[in-house]
Amino acid sequence: MQLTSRLALMNWLTGQGLTGLPEIDLLRGFCERCCAEGLELSRGLVVIDTLHPIYEGRGFRWSDRPSNESDAFEYGSTADGDAAASWRRSVFFHMLENGDDEMVIDLADAPSMDFSQIGELAEKGHKHYLAFVHRFGENGALGLMDCLYSCWTTRRDSGFSDGELEALRDLVPVLGLAIKSAQQVDIARTLGRVYLGRDASAQVLAGRISRGVTERINAVLWYSDLRGSTGISESIGPDEIIPFLNDYAQAVIDAIHDAGGDVLKLIGDGVLAMFWGEDMADARRAALRAEHLFRKNVAALNKRREADGRPTTSAYIGLHVGEVFYGNIGSEDRLDFTVVGPTVNEVSRIASMSRSVDRELLASAEFYKGLDATGRRYLVSTGRYALRGIGRAQDLYTLDPEVDSSEPVTGSYERYLAN
């Protein structure tokens, strides 16, 4: 590849990296441009670790021929089991262990080598293999994301020429920098979504990070906490407490997200969430849909936990509607993007009242009155109560018992929630 072609490809990678072209498109564009300039790549693979609560890293593939392999993939931990065994047999692991930055393999020698996947590449007609490990400096690493791994093959019988190897040594680091940049953006979005919530993360990443910048919104608030969690935590081993809390948090959060809500805060075993939009009747129905989904999630979860001989529970849920301040609250160097206001205090008190009246769901009069006529038919009053710390008594509502006990009513309620 001529110097002018290399410079043109470097400029393309830099420009596309700055615009945020997705990783697989960067890899595809890179490989196709190399081939157009006579560098006959047959396969390209780029792998990079990341920061994610489930995945250890991501990989991106390109091939010169149709393949049933996915262009992009994610992988879990390589610390245990078959994944660990496969990783330890990889060329990349060998390079890390020996401090190598580059490794060239004639695939005709693949049968004599105990590297995973090398034999498969030879069987598919690839002739020459080049692998790189580009290490990040201490200031450039982010958690486990401390290296970029890549490997390249050609089907040409003579393999890569010295000039082509030199070209790849020049070009791959630029590709790596563009992919690393894309991954850092993805990590920021992932961490924001996981730790702040979906809407709050989107607003923070859009630039709403100044202290005191809030907006007044009307929202349906959800507050839930687990039944008897303190007693259960005291009765089980310390190593079972976190899995117990995680199981039920998953059931709650999945239900809220599936119904279109946003989880704002996890408070011990409690969850504060909101539903909002232009049509508050729809927001109310979304909150009821989330409650219904949560009960289904808990039923399935409890069945699994009972089969394993582990303790089970459910949750008390309070629903309320009102005006809140939504935005950045805190100090100059520690902010929280959340909701505050009397409505937040009231919804937590409503959830607490659920224990006293032995109902798993309680909704405020404000919530009830804003439902359409059909929705109001499924709720019944539990009476009028003075909530602790709240200056006025109010009527509270729960689901009509027939929603659970009568099959026709259950079906009608589910159809209402689905609309």
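Predicted model, so just to flag it, every value in this text is computed and none were measured.

Criteria and thresholds
- The residue numbers shown here count from 1 along each chain, following its written sequence.
- In keeping with the predicted nature of the model, local features appear solely for residues at pLDDT of at least 70, side-chain atom pairs appear and are counted solely at 80 or more, and the whole-chain, interface and lining totals rest on all residues.
- Side-chain descriptors were evaluated using all non-hydrogen atoms of the structure, hydrogens and water having been removed beforehand.
- A patch consists of residues exposed above 30% relative accessible area that lack any salt bridge, with like charges linked at up to 9 Å and nonpolar side chains (Val, Leu, Ile, Met, Phe, Trp, Tyr) linked at up to 5 Å.
- The protein chains shown are the only cover counted for residues, whose accessible areas, like all others here, come from Shrake-Rupley with a 1.4 Å probe.
- For salt bridges, the criterion is a side-chain nitrogen of Lys or Arg within 4 Å of an Asp or Glu carboxyl oxygen.
- For each residue, the accessible area found with a 1.4 Å probe, counting protein chains only, is set against the maximum for its type, and the residue is called buried under 20%, exposed over 50%, and partly exposed in between.
- Segments assigned H or I by DSSP are reported as helices when at least four residues long, segments assigned E as strands when at least two residues long, and all are numbered from the N terminus.
- Definition of nonpolar core: a set of buried residues of the types Ala, Val, Leu, Ile, Met, Phe, Trp, Tyr and Cys, connected through side-chain atoms within 4.5 Å.
- Residues count as neighbours in contact if any of their non-hydrogen atoms are within 4.5 Å of one another.
- Put simply, two rings from Phe, Tyr or Trp (the six-membered ring, in Trp's case) pair if the centres are within 6.5 Å, and we call them stacked under 30 degrees between planes, edge-to-face over 60, tilted for the rest.
- Charge-over-ring contacts are defined here by two conditions on Lys NZ or Arg CZ: a distance within 6 Å of the ring centre and an angle within 35 degrees of the ring normal.
- Convention adopted: a line fitted to C-alpha atoms gives each axis, helices being fitted over their contacting stretch, and angles between N-to-C directions are expressed from 0 to 180 degrees.
- Geometric relationships in this document are graded by angle, where less than 35 degrees denotes roughly parallel, more than 145 denotes roughly antiparallel, 65 to 115 denotes roughly perpendicular, and other angles denote oblique.
- Helix crossings fall into two classes, left-handed where the near helix is turned counterclockwise from the far one by less than a right angle and right-handed where it is turned clockwise.
- Amino acids outside the nonpolar list (Ala, Val, Leu, Ile, Met, Phe, Trp, Tyr, Cys, Pro) and the charged list (Asp, Glu, Lys, Arg) are all regarded as polar, and Gly is one of them.
- Strand pairing requires that DSSP identify at least two bridges connecting the strands.
- Definitions used for this entry: grid spacing 1 Å over protein atoms alone; cavity, a set of points where a 1.4 Å probe fits but cannot get out; pocket, an open set with protein on both sides within 12 Å along at least 5 of 7 lines; lining residue, one with an atom within 4 Å of a point.
- Grid points are joined across faces, edges and corners, and a volume is the space filled by probe spheres set on the points.

Visitor: A description of a nonpolar patch on the surface should follow, citing residues and the corresponding values.
Guide: Judged by side-chain polarity, Leu 191, Val 194 and Tyr 195 come together as a nonpolar surface patch covering roughly 310 Å² of accessible area. Tyr 195 gets classed as exposed once you look at its relative accessible area, which sits at 68%.

Visitor: Mind laying out the environment of Ile 54, listing which residues take part and the relevant values?
Guide: If you trace the backbone, Ile 54 turns up in the loop between β1 (43-49) and β2 (57-63). Here the alpha-carbon distance between Ile 54 and Ser 150, two residues 96 residues apart in the chain, equals 22 Å.

Visitor: Quick one: what's the story with the nonpolar core, residue by residue and with numbers?
Guide: By size, the foremost hydrophobic cluster in this structure holds 44 residues, and its most contacted members are Trp 222, Phe 275, Phe 294, Leu 319 and Phe 367. Residue contributions to this core peak at nine residues, all from helix α10 (residues 280-307). What Phe 367 contacts, discounting residues up to four positions off in sequence, is Val 220, Arg 284, Ala 287, Leu 288, Leu 319, Val 321 and Leu 379. One finds Leu 13, Leu 26, Phe 60 and Leu 171 within the second-largest nonpolar core, a separate group that totals 33 residues.

Visitor: Can you lay out the packing of aromatic side chains for me, pointing to particular residues and giving the numbers?
Guide: Tallying each qualifying case throughout the model produces 11 aromatic pairs. Taken together, a centroid distance of 5.9 Å and an interplanar angle of 75 degrees make the contact between Trp 87 and Tyr 149 edge-to-face. Taken as a pair, Trp 87 in helix α3 (residues 81-88) and Tyr 149 in strand β6 (residues 147-154) lie far apart in primary sequence, 62 residues in all. Relative to Phe 337, the ring of Tyr 326 has its centre 5.1 Å away and its plane inclined at 90 degrees; by these criteria the two rings are edge-to-face. Separated by 11 residues along the polypeptide, Tyr 326 in strand β10 (residues 315-331) and Phe 337 in strand β11 (residues 334-340) bring together distant segments of the chain. With a relative accessible area of 2%, Phe 337 lands in the buried category. Of the aromatic side chains, those joined through ring pairs into one cluster are Trp 87, Phe 92, Phe 93 and Tyr 149. A cation sits over an aromatic face here: Lys 180 above Phe 136, 4.2 Å from the ring centre.

Visitor: For the packing of helix α1 (residues 3-19) against helix α2 (residues 23-36), give the residues involved together with the corresponding values.
Guide: With their axes 11 Å apart at the nearest point, α1 and α2 run at an angle of 165 degrees to one another. With respect to their mutual orientation, α1 and α2 come out roughly antiparallel. Remark: the crossing between α1 and α2 carries right-handed chirality. Residue-level inspection shows Leu 9, Trp 12, Leu 13, Gln 16 and Gly 17 of α1 in contact with α2, the latter providing Asp 25, Leu 26, Gly 29, Phe 30, Arg 33 and Cys 34. Its residues assigned to classes, the contact of α1 with α2 comprises six nonpolar, three polar and two charged.

Visitor: Tell me what's going on with the pairing of strand β9 (residues 270-275), and back it up with residues and numbers.
Guide: Among the six residues in β9, six count as buried, and that is most of the element. Of the two faces of β9, the one holding Gly 270, Leu 272 and Met 274 and the one holding Val 271, Ala 273 and Phe 275 are both buried throughout. Across five bridges, strand β8 (residues 262-267) lies against β9 in antiparallel orientation. Each bridged residue has a counterpart across the sheet, and for Ile 267 the counterpart in β9 is Gly 270.

Visitor: If you had to explain the environment of Ser 354 to someone new, which residues and values would you point to?
Guide: Tracing the sequence through the fold places Ser 354 in helix α11 (residues 342-357). Along the chain, Ser 354 and Tyr 316 lie 38 residues apart, while their C-alpha atoms are 6.1 Å from each other. Sequence-distant contacts of Ser 354, that is, excluding residues within four places in its chain, are made with Tyr 316, Ile 317, Arg 359 and Leu 362.

Visitor: Go over the packing of helix α6 (residues 162-196) against helix α7 (residues 198-205), please, and point to the residues and values.
Guide: Where α6 contacts α7, the axes come no closer than 7 Å and their chain directions differ by 135 degrees. Accordingly, the angle class assigned to the pair α6 and α7 is oblique. As for the relative orientation of α6 and α7, their crossing is right-handed in sense. Each of Ala 188, Arg 189, Gly 192, Arg 193 and Leu 196 in α6 lies in contact with α7, whose residues at this interface are Arg 198, Ala 200, Ser 201, Val 204 and Leu 205. By residue class, the composition of the contact of α6 with α7 is five nonpolar, two polar and three charged.

Visitor: Kindly report on the layout of surface pockets, identifying the contributing residues and their values.
Guide: Size it by volume and the largest pocket reaches roughly 970 Å³. Around the largest pocket, the lining comprises 39 residues; the ones closest to its centre are Leu 45, Val 47, Phe 73, Phe 92 and Gln 117. Only β1, β2, β3 (72-75), α3, α4 (91-98), α5 (118-123) and β6 provide two or more residues apiece to the lining of the largest pocket. Tallied by class, the residues present in the lining of the largest pocket amount to 18 nonpolar, 10 polar and 11 charged. Roughly 730 Å³ of internal volume is contained in the second largest pocket. For the second largest pocket, the lining is made up of 22 residues, of which Arg 193, Val 194, Ile 253, His 257 and Leu 266 are closest to its centre. Those elements giving two or more residues to the lining of the second largest pocket turn out to be α6, α9 (238-258), β8 and β11. If one sorts the elements of the lining of the second largest pocket by residue count, α9 sits on top with seven residues. Of the residues that constitute the lining of the second largest pocket, the class distribution is 11 nonpolar, six polar and five charged.

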